[in-house]
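Per-entry structural report
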Amino acid sequence: MASPKGEPNRKGLFRWLWRHYLKRYAGLMALAMVFMSIEGSMFGLLSYMMKPMFDDVFVGGNSDALVWVGLAVMAIFFVRAVASVVQKVLLTRVSQMSMGDIRQDLLEHLMRLDPGFHQEHGPGYLIQRVEGDVNAIAKVWSTLVTGAGRDVVALISLFGVALAIDWRWTLVALIGAPLLVFPSVLLQRFVRGNAREVRDIAARLSTRLNEVFHGITPVKLNRLEGWMAGKYRHLTRARIRVETRSAAGQASLPGLIDLMSGIGFVGVLWFGGGEILAGEKTVGDFMAFFTAIGLAFEPLRRLGAVSGVWQVAAASIERIIEMLNTQPAMRDPDSPLPRPVGVPGITLRDVDLSYGEAQVLRGMTLEAAPGQTTALVGASGAGKSTVFNLLTRMADPQAGAVEIGGVPVASLRLADLRGMISVVSQEALLFDESLRDNIVLDREVPEADLQQALDAAHVSDFLPRLEAGLDTQVGTRGSRLSGGQRQRVAIARALLRDTPVLLLDEATSALDAQSEAVVQAALERLSQGRTTLVIAHRLSTVRNADRIVVMEAGRVVETGTHDELIARGGAYADLYRLQFDEAE
């Protein structure tokens, strides 16, 4: 489903919601509105029944009227009960489906945004957008749609009864209404502002929880429990303050309606009481009118509260529209070129790239021959990982050319480009799924091919020790597997993808010697017949590379084989000697 674009105009928020998410359920909503109208109209009928109840039964003493009035009141409550159940079930279904659509669209859109966006907005912030903001909109259904629709119909029927009895009494009852206008406008702005602040604090709370639970080991080892709890407590207290202000604003709207209702009630009592005493109106008229006005107070209060709830939901809708209107910088070209055939070479020519004011690559030029292994070495910050980002279009250069197989990467569809490349990094990302799912990644793979990949990646070595074999749940981020096991799973995944280009980013740097030997053997098998770029700090792992590229401060300063670079006695030889001395 394509991500909809929305208008940031506040007046168009509900129109945006209707056009993109509610219109498709218009049939169910219309049916629910029918039952909602039936439920609301029962309030008017009930108030109208007060006139015959008092005039014919209590005052007139008509026993026959007692039977039909009682049956009529019973029928009113029965119809109201059935209509209430049906409309709530229908609208709950519409609510859940439409909110599910918003979550789905928002998640799909956020996954398409660039790495820079995700670096700026942490997981906790984005989780709050997908879950917290959508949940805030869902509350509209229980109050704005479900309640407001019924209450509007109820008010129409109740004021219809009141007007039918005496239009002057009705005007007196509403004498305090003009007093609500200006305070209501101010309160709505106040509530919406606080709602946005609540959502911001909630996002920061989610981010803090995400950091704590994902970093629980360093938290414990550094005895940071009290420090992290204090940070969370500070945010919690801030949220309490803002939530309290927001609740006060929302509660003030129905409170104003109570004030208006009290003024109107006393006015009708004084004005209508005189007419009753003079015999111009019956007791039944008075009771029917007062029942209608009395029953109208509660719908009015609920509708006043709906205004506050809508302000909270509107703040969330604005945020969702803002997210959906954020466009990725990395897009498919208007006229994409076909992907290269066979095993391609890789070329960077005079590439410049900066992140903000920090220049990372300066005139970077690199050639990686087809089917060979090229190693990138150098100190941290030299720009090695940035080369990988350019090849996969996680970033675009400000100047220069980046090509795979002679085709500029910016001229390829993103799916075609990334479909040519497999990446095995220092931290193999595994999902909280079964081992099988983490390897095949939502593809249909013949068992023979899967077994071959398991053997080649040495996953078969530890598979018998797992309780459920390939069906073992690996835990969050693969927490139930060791570092070496996770790396072997990532290699098996890359083997099954069978891409012509392989990027290895410090794939063995975090492993012990025994695990490194096993993983290195698997990587060498994986590299066969592919164009491979390797980033490595441990130079012993790239001695056999076909070509070694030495980088310093975003530039290539040396290239050659291991033996050639050692004989040259330059930057590579210095790095190698330094590591050798450290090892000694």
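Below or above, wherever it landed, is the structure these notes cover. Along each chain, the written sequence defines residue order, and numbers are assigned to residues from 1. In keeping with the model being predicted, local features are shown solely for residues with a pLDDT of at least 70 and side-chain atom pairs are shown and tallied solely at 80 or more, while totals for entire chains, interfaces and linings include all residues. For side-chain calculations, the full set of non-hydrogen atoms in the structure is used, while hydrogens and water are omitted.

For the rest of this paragraph, the subject is the overall build of the protein chain. Numbering of helices and strands starts at the N terminus; helices are DSSP runs of H or I of at least 4 residues and strands are runs of E of at least 2. Of the regular secondary structure elements, the protein chain holds 19 helices and 10 strands. For the protein chain, the proportion of contacts with a sequence separation of at least 24, taken over those separated by at least 6, is 78%. On the protein chain, roughly 28800 Å² of surface is accessible, and the fraction owed to carbon and sulfur atoms is 58%. Two residues qualify as a contact provided that any one of their heavy atoms is within 4.5 Å of a heavy atom in the partner residue. The accessible surface values rely on the Shrake-Rupley method and a 1.4 Å probe; as for residues, cover is taken only from the protein chains in view.

This part is about the pattern of salt bridges. When a carboxyl oxygen of Asp or Glu lies within 4 Å of a side-chain nitrogen of Lys or Arg, that pair is called a salt bridge. Within the structure shown, the criterion is met by 10 salt bridges. Note that Asp133 and Arg129 form a salt bridge whose closest N and O atoms lie 2.4 Å from each other. With Asp133 and Arg129 both in helix H6 (residues 123-165) and four residues apart, this pair spans about one turn of that helix. A relative accessible area of 0% means that Asp133 is categorised as buried. Burial classification: accessible surface area is computed with a 1.4 Å probe over protein chains only, and a residue below 20% of its type maximum counts as buried, one above 50% as exposed, and the rest as partly exposed. Classification of Arg129 as buried rests on a relative accessible area of 0%. The salt bridge partner of Arg436 is Glu447, with a shortest N-O separation of 3.0 Å. Taken together, the residues Arg436 in helix H14 (residues 435-440) and Glu447 in helix H15 (residues 447-456) connect sequence positions 11 residues apart. Via salt bridges that share partners, Arg436, Glu447 and Asp471 belong to a single interconnected network.

On to the packing of H15 against helix H16 (residues 483-497). Orientation of H15 relative to H16, taken along the N-to-C sense of each, is 135 degrees, at an axis distance of 9 Å. In terms of orientation, H15 and H16 fall into the oblique class. Taken as a pair, H15 and H16 cross one another with a handedness that is right-handed. Residue-level contacts link Asp449, Leu450, Ala453 and Ala456 of H15 to Ala492, Leu495 and Leu496 of H16. For the contact of H15 with H16, the per-class residue count stands at six nonpolar, no polar and one charged. Angles here are taken between N-to-C directions and fall from 0 to 180 degrees, while the axes themselves are lines fitted to C-alpha atoms, restricted in helices to the stretch in contact. When an angle is under 35 degrees it counts as roughly parallel; over 145 it counts as roughly antiparallel; between 65 and 115 it counts as roughly perpendicular; any other value is oblique. By definition, any crossing whose near helix is turned counterclockwise from its far helix by less than a right angle is left-handed, and any crossing with a clockwise turn is right-handed. By the convention adopted, Pro, Cys, Tyr, Trp, Phe, Met, Ile, Leu, Val and Ala count as nonpolar, Lys, Arg, Asp and Glu as charged, and the other residues, Gly among them, as polar.

Every buried residue belonging to H15 is among Leu450, Ala453, Leu454 and Ala456, and all of these are buried. Positioned one or two residues after H15, His458 has a phi angle of 65 degrees, which is positive.

Right, let's talk about the nonpolar core for a bit. Counting 44 residues, the largest nonpolar core has Val424, Leu435, Ile439, Leu481, Ile491, Leu526 and Ile548 as the members making the most contacts within it. Among the elements of the structure, strand E3 (373-378), H14, H15, H16, strand E7 (501-505), helix H17 (513-527), strand E9 (547-552) and helix H19 (571-583) are those that each provide at least two residues to this core. No other element matches the seven residues that H16 contributes to this core. Not counting residues up to four positions away in its chain, the partners in contact with Leu526 are Val424, Ile491, Ala494, Leu495 and Leu502. To define a nonpolar core, start from buried Ala, Val, Leu, Ile, Met, Phe, Trp, Tyr and Cys residues and group those joined through side-chain atoms within 4.5 Å.

Strand order in this open sheet of four strands is E2-E1-E4-E5, and the pairing throughout is antiparallel. Each edge of the sheet is formed by a strand with only one pairing partner; in this case those strands are strand E2 (358-368) and strand E5 (407-408). Two elements, strand E1 (residues 346-355) and strand E4 (residues 399-404), share five bridges in a ladder whose sense is antiparallel. The residue bridging Thr347 from the neighbouring strand is Glu403, located in E4. Packed onto the sheet, helix H12 (residues 384-391) meets E1, E2 and E4 and runs at close to 110 degrees relative to E1. Any two strands between which DSSP finds at least two bridges are classified as paired.

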